[in-house]
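Spelled out, the chains give:
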Amino acid sequence: MVIRVTVADDQAVVRAGIAAILDAEPDLCVVGQATDGDTAVELALSSRPDVALMDIRMPGIGGLAATARITERNPATRVLVLTTFDLDEYLFAALRAGAAGFLLKDAEPERVIDAVRVIYGGAALLDPAVTRRLIDRFTDAPGPLDTARLDRLTPRETEVLRQVARGLSNSEIAAVLGVSPPTVKDHVSVLLGKLGVRDRVQATIAAYETGLIRPGSRLTPPPRGGGVTPP
């Protein structure tokens, strides 16, 4: 199975470099490139790629609007946003627009390749360090908490959501809660549906919006050992 990818970036060197890295992999194929947001949307709708790599600052409608249009009109295409540390506010908006995750532009080639495969596999991709900074920044002055959404969850689902927001994998959550990874996977699937979100990225945002996780709380997983197993 070949993963079909599009790359949108207004910087020719960056765009061509990413495309070359991906095309060199036997299971990845770049089916198109775009230099602006409008073209990125047209390309995604016509080529219907599995994964769309999306820069944020581009001519035309830009990456944020392009992400929203793609995820609304073609949900099967997973959007992976390209960003830098100084664009946190744009990144947050992109995640809320339906992006499946983000990748820093200075990432190693292997990280880019792995990110595409992770996104294609249906998982969300979050850099814990950037996510911590991003979430804390946007919850410094939170609006009214939507606590009613938590009422839809069982106590166990609520605890699983808390661990998801901390950045733990299913295996790590299973070790913390003393259940099996398949059980955790089932809980995650159910709580995503109850919260009306598409993946773990948006579930993490929901954990903050409902007040389940507060700004400044620890997001990093506990040290491995003492029963916590690697994913």
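Placed above this text is the structure.
Residues numbered from 1 in each chain as written. Predicted model: local features only at pLDDT ≥ 70, side-chain atom pairs only at ≥ 80, totals over all residues. Heavy atoms only, no water.

What to know about helix α2 (residues 37–47)
What sets the pattern is the α-helix's 3.6 residues per turn: residues three or four places apart point alike.
Move 1: Those residues of α2 that fall on the buried side of the exposure criterion are Gly 37, Ala 40, Val 41, Leu 43, Ala 44 and Ser 47. When α2 is viewed along its axis, its buried side chains cluster within an angular range of 165 degrees and face the same direction. The exposed residues of α2 that point more than 90 degrees off its buried face are Glu 42 and Ser 46.
Move 2: Check the buried side of α2 and you find it contacts β1 (3–8), β2 (28–34), β3 (51–55) and α3 (62–73).
Move 3: For α2, the N-terminal capping position is held by Asp 36, with its side-chain oxygen 3.1 Å away from the main-chain nitrogen of Asp 38.
Move 4: Phi turns positive, to about 50 degrees, at Arg 48, one or two residues after α2. (Buried < 20%, exposed > 50% of the residue type's maximum accessible area, 1.4 Å probe, protein only. Helix = DSSP H or I, 4+ residues; strand = E, 2+ residues; numbered from the N terminus. Arc of directions from axis to C-beta. Contact = heavy atoms within 4.5 Å. Polar contact = N/O pair within 3.5 Å; in protein donor to acceptor, adjacent residues only side chain to side chain.)

Comments concerning the environment of Thr 147
Move 1: With respect to the helices, strands and loops of the structure, Thr 147 is situated in the loop between α6 (128–138) and α7 (155–165).
Move 2: Residues Thr 147 and Tyr 208, 61 residues apart in the sequence, show an inter-C-alpha distance of 10.0 Å.

Thoughts on the pattern of salt bridges
Move 1: Overall, the coordinates contain 8 salt bridges when judged by the stated rule.
Move 2: The salt bridge partner of Asp 9 is Lys 105, with a shortest N-O separation of 3.2 Å. Here Asp 9 is found in the loop between β1 and α1 (12–23), whereas its partner Lys 105 is found in the loop between β5 (101–104) and α5 (109–120), with 96 residues between them in sequence.
Move 3: A relative accessible area of 31% means that Lys 105 is categorised as partly exposed.
Move 4: Here Lys 194 and Glu 157 are joined by a salt bridge, their closest N and O atoms 2.9 Å apart. (Salt bridge = Lys/Arg side-chain N within 4 Å of Asp/Glu carboxyl O.)

Shape is all these values report; function is a separate question.
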